[in-house]
Each structure stands twice: as structure tokens, then as C-alpha cells.
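# Structural characterization, general
Below, each chain spelled out in residue letters.
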Amino acid sequence: GAGVSQSPRYKVAKRGQDVALRCDPISGHVSLFWYQQALGQGPEFLTYFQNEAQLDKSGLPSDRFFAERPEGSVSTLKIQRTQQEDSAVYLCASSPDRERYTEAFFGQGTRLTVV
Amino acid sequence: QKEVEQDPGPLSVPEGAIVSLNCTYSNSAFQYFMWYRQYSRKGPELLMYTYSSGNKEDGRFTAQVDKSSKYISLFIRDSQPSDSATYLCAPREGGSEKLVFGKGTKLTVNP
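The rules behind these values
Residues numbered from 1 in each chain as written. Chains lettered and ligands numbered in written order. Predicted model: local features only at pLDDT ≥ 70, side-chain atom pairs only at ≥ 80, totals over all residues. Heavy atoms only, no water. Phe/Tyr/Trp six-rings, centres within 6.5 Å; stacked < 30°, edge-to-face > 60°. Buried < 20%, exposed > 50% of the residue type's maximum accessible area, 1.4 Å probe, protein only. Helix = DSSP H or I, 4+ residues; strand = E, 2+ residues; numbered from the N terminus. Lys NZ or Arg CZ within 6 Å of the ring centre and 35° of its normal. Disulfide = S-S within 2.5 Å. Contact = heavy atoms within 4.5 Å. Buried area = accessible area lost by both parts, 1.4 Å probe. Salt bridge = Lys/Arg side-chain N within 4 Å of Asp/Glu carboxyl O. Polar contact = N/O pair within 3.5 Å; in protein donor to acceptor, adjacent residues only side chain to side chain. Pairing = 2+ DSSP bridges. Axes fitted to C-alpha atoms, helices over the stretch in contact; angles between N-to-C directions.

### Regarding the packing of aromatic side chains
One pass over the structure, following the stated rule, counts 12 aromatic pairs over all chains. Consider the rings of phenylalanine 33 of chain A and tyrosine 35 of chain A, whose centres lie 6.5 Å apart with planes at 40°: the pair is tilted. In terms of burial, phenylalanine 33 of chain A and tyrosine 35 of chain A fall into one category: buried. Relative to tyrosine 51 of chain B, the ring of tyrosine 32 of chain B has its centre 4.9 Å away and its plane inclined at 50°; by these criteria the two rings are tilted. Highlighted residues: tyrosine 32 of chain B in strand 4 (residues 30-38) and tyrosine 51 of chain B in strand 5 (residues 45-51), separated in sequence by 19 residues. Since its relative accessible area comes to 22%, tyrosine 32 of chain B is described here as partly exposed. Above the face of the tyrosine 49 of chain B ring, lysine 56 of chain B is positioned so that its terminal group lies 4.4 Å from the ring centre. When the ring centre of tyrosine 32 of chain B is taken as reference, the NZ or CZ atom of arginine 92 of chain B above it lies at 4.2 Å.

### A short note on the state of the cysteines
Residues and elements named next belong to chain A. One pass over the full model with this rule turns up two disulfides over all chains. For cysteine 23, the disulfide goes to cysteine 92, at an S-S distance of 1.9 Å. Here the S-S torsion is close to -65°, and the disulfide linking cysteine 23 with cysteine 92 is therefore left-handed. Placement of the pair is cysteine 23 in strand 3 (residues 19-24) and cysteine 92 in strand 9 (residues 88-95), with a sequence separation of 69 residues.

### With respect to the interface of chain A and chain B
Taken together, the contact between chain A and chain B spans 23 residues of the former and 20 residues of the latter. Both faces considered, chain A and chain B share a buried interface measuring about 1800 Å² in area, 51% of it formed by carbon and sulfur atoms. At the boundary of chain A and chain B, one finds one salt bridge. Glutamate 44 of chain A serves as the salt-bridge partner of lysine 2 of chain B, at 3.7 Å between the closest nitrogen and oxygen. On inspection of chain A and its partner chain B, the count reaches four residue pairs in polar contact (both at pLDDT 80 or more). Contributing elements (two or more residues each) for the side of chain A that touches chain B: strand 4 (31-37) and strand 5 (44-50) of chain A.

### Observations regarding the side chain of glutamine 6 of chain B
Residue and element names in this part refer to chain B. Inspection of the secondary structure assignment puts glutamine 6 in strand 1 (residues 4-6). A polar atom in the side chain of glutamine 6 sits 2.9 Å from the backbone nitrogen of glycine 104. Within the structure, the side chain of glutamine 6 is placed 3.3 Å from the side chain of threonine 105, a separation counted as a polar contact.

### Some words on the pattern of salt bridges
All names here are of chain A. Inspection of the entire model under this criterion finds seven salt bridges over all chains. A salt bridge links arginine 22 to aspartate 24; the shortest N-O distance between them is 2.7 Å. Given a relative accessible area of 39%, arginine 22 falls into the partly exposed group. What makes aspartate 24 partly exposed here is its relative accessible area of 23%. Of the charged contacts, one joins lysine 78 and glutamate 68 as a salt bridge, the two residues approaching to 3.3 Å between their closest N and O atoms. Pair noted here: lysine 78 is in strand 8 (residues 75-79) and glutamate 68 is in strand 7 (residues 65-68), with a separation of 10 residues, a long-range link. According to the relative accessible area criterion, glutamate 68 is partly exposed, its value standing at 25%.

### Re the sheet that holds strand 10 (residues 105-110) of chain B
All names here are of chain B. As summarised here, the arrangement of the five strands in space is 2-10-9-4-5, forming an open sheet in which the pairing is mixed. On the outer flanks of this sheet lie strand 2 (11-14) and strand 5, each paired with one strand and no other. In this sheet, adjacent strand axes meet at a mean angle of 25° when their direction is disregarded.

### Topic: the sheet that holds strand 3 of chain A
Through backbone hydrogen bonds, the strands of a sheet pair up, either in parallel or in antiparallel fashion. Residues and elements named next belong to chain A. Reading across the sheet, the four strands line up as 1-3-8-7 and stay open at both edges, with antiparallel pairing between neighbours. With one partner strand each, in any of the chains shown, strand 1 (5-7) and strand 7 form the two edges of the open sheet. Between one strand axis and the next, the sheet turns through 15° on average, direction left out of account. Relative to strand 3, strand 1 is paired through three bridges, and the arrangement is antiparallel.

Now the structure itself:
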């Protein structure tokens, strides 16, 4: 039974390097979310897709952060010129449709460490 | 002041104890109130949710929302060592897709 799959699980990047984080949502799920979870904190919303449309990107912390979901399934979160403050766990979640946001299923996350 | 405040603990209880976990919030537009459980190095998993004020029970878990005082609670009866995790409250506005998480409370249930 496939849940939300994220890769890589762990990523170490040198400061200034670009990184790409991948999310494979549950098959058929319309809605996809990205959250950032700093150490000892709750997840914070980054962005939301409904199919391929990015409907809310209000949580992206800077223009170094970019997310896409070109075919309405797999999504990629890209961070350019990584900084130490970008170190966090990046969580992806998907839900069946617009009416059932409460049924968001989370992946295990990608732990990004910027050195 | 953050929109959602949650005491991070840690909270340590003996097996079988009743556990009370709480959050306060400031946004009157919140209508859905979720509780997530997060095991170490895992993603959050939805435990239960309530809509507006009231109680909801699911097995050993009871969620309560008091919108008049902007207070959210999760009670765990007969706690088990397997309940040891971080518990996150996450309300959201009606019509919004965005969850606003508390900091999470780390719970340890000792055998």
C-alpha cells in the first residue's frame, strides 16, 4: 500500500548549493502540500497545489524556494543557494480532494542539513 | 504571539494514566481542529478532528474544542507506551487548505 513517498530521506548540502526534494503523493490525490518543520517546532505551511495548479504559495520564505507539480502528480520543491537557516525537515502531504483537507496524509519527510 | 500556542513539554506519565494535552489559539476563523501524532523521524499522522465546538471520542482518545475560550484539548485514557510520541494540534479556517500547527507536546508513557 503506497503512502506518500519522499526522496531523498536525508540530504546534506553545502551552503550555496541548489537542492531538489521530491514528493510522490498517494495515487489519485488531488491536493498536495509542502510544509517545513524546524527542529523542535511544528510544521509550517509552505505551499499548496490542486492538481497542477499552485493555488497558494504564501508560506514560501523567499524567492529561493520554488515548487512545481507539472503533471498533477509528482511534486518537486527546489531551494536555490541554500542557507543554514534552510536546515529543516521538509514534509509533503496529499489529500483526496478539495473537500477533504482534513484527510491529509504526510510522508516521512526529507531532512535537509546545510553545512 | 503565534496563532496557535502549545506547551512543548516534555510530559512523562506512567502507563495507564489519563493524559491531557492542550492548545490555545487566537484566530476566530478556525473551524476545523485536528490532532496529529508524530513518532520520532516520521511524518505526522492524523489522529482525529472536530468541526467547531464540541467533543469527539474515538476509542481511548477524546478531542474537545471550546471556541468561546479558544481552547483545544486531547485526552488519552489508559495511556500505553506505544502512545509515546509528539502530539500536534493543527486547526484550520473553513474554506482554507492550510493547517496551522502548534509546536507539539512530547509525551512519554513509562511502562
